[in-house]
Amino acid sequence: MKKVLVLFAHPKFEKSRANNVLVNYIKDKEGVTFHDLYEEYPDFHIDVPFEKKLLAEHDVIIWHHPMYWYSCPPLLKQWIDMVLEFNWAYGPKGKALSSKICLNAITTGGNKELYCTQGTNSYTITEFLRPFEQTANLCLMHYQKPFTVMGTYKLSDEDLKIYGENYSMLIDQLQSKEAIVTT
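Calculation criteria
- Residues numbered from 1 in each chain as written.
- Predicted model: local features only at pLDDT ≥ 70, side-chain atom pairs only at ≥ 80, totals over all residues.
- Heavy atoms only, no water.
- Axes fitted to C-alpha atoms, helices over the stretch in contact; angles between N-to-C directions.
- Helix = DSSP H or I, 4+ residues; strand = E, 2+ residues; numbered from the N terminus.
- Parallel < 35°, antiparallel > 145°, perpendicular 65-115°, else oblique.
- Left-handed = near helix turned anticlockwise from the far one by under 90°.
- Contact = heavy atoms within 4.5 Å.
- Nonpolar A, V, L, I, M, F, W, Y, C, P; charged D, E, K, R; others polar.
- Buried < 20%, exposed > 50% of the residue type's maximum accessible area, 1.4 Å probe, protein only.
- Arc of directions from axis to C-beta.

(A) Quick look at the packing of helix H1 (residues 17-26) against helix H7 (residues 157-175). Running from N to C, H1 and H7 point in directions that differ by 40°, and their axes come no closer than 8 Å. Judged on the interaxial angle alone, H7 and H1 are oblique. Judged by the twist between their axes, the crossing of H1 over H7 is right-handed. Touching Arg17, Ala18, Val21, Leu22, Tyr25 and Ile26 of H1 are Asp157, Leu160, Lys161, Tyr163, Gly164, Glu165, Tyr167, Ser168 and Ile171, all from H7. A per-class count over the contact of H1 with H7 returns nine nonpolar, two polar and four charged.

(B) Local environment of helix H4 (residues 74-83). Within H4 the residues assigned to the buried category are Leu75, Leu76, Trp79, Ile80 and Val83. Seen along its axis, H4 keeps its buried residues to an arc of 145°; they face one direction. Looking at the packing, one finds that the buried side of H4 touches strand E1 (4-8), helix H2 (37-40), helix H3 (48-56), strand E3 (60-66) and helix H6 (130-138).

Okay, structure coming up:
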């Protein structure tokens, strides 16, 4: 079974109904390490050697975060900047993450209709996540399509339950030997 590292970054997790449901479905799964960056590093002082060790011990890396100004919250960005070092994660000698599976699990307050060429945001979620995809590519990881929960403010408890179950099933698939790698 593949080991999954969920790098969770939400500065207001206690106020996020959607993320609370998603996290409750996956945090105690066998083979899943749930790593809350804001809980671990409230001062933003990231323990880079520890984070590298965590990455080395896992096969699947999930960047789980809300969409903040068309990207991720600042602590996850700092984590990427500090941990994914030249000649470790990328560069001529940077092979530490080679062949690992990587994806984003994101939530948005805005619905799907806002994230399209005709919508207020002018671009799709996939287009907004291109920097994450390119980061994974540069680090020789296999980037998967994101798991998205959109329009979170209007979702019913039943809808959120279905998303939680789907997130859990996705992790099961990623852990299995039959996981399909797509880019």
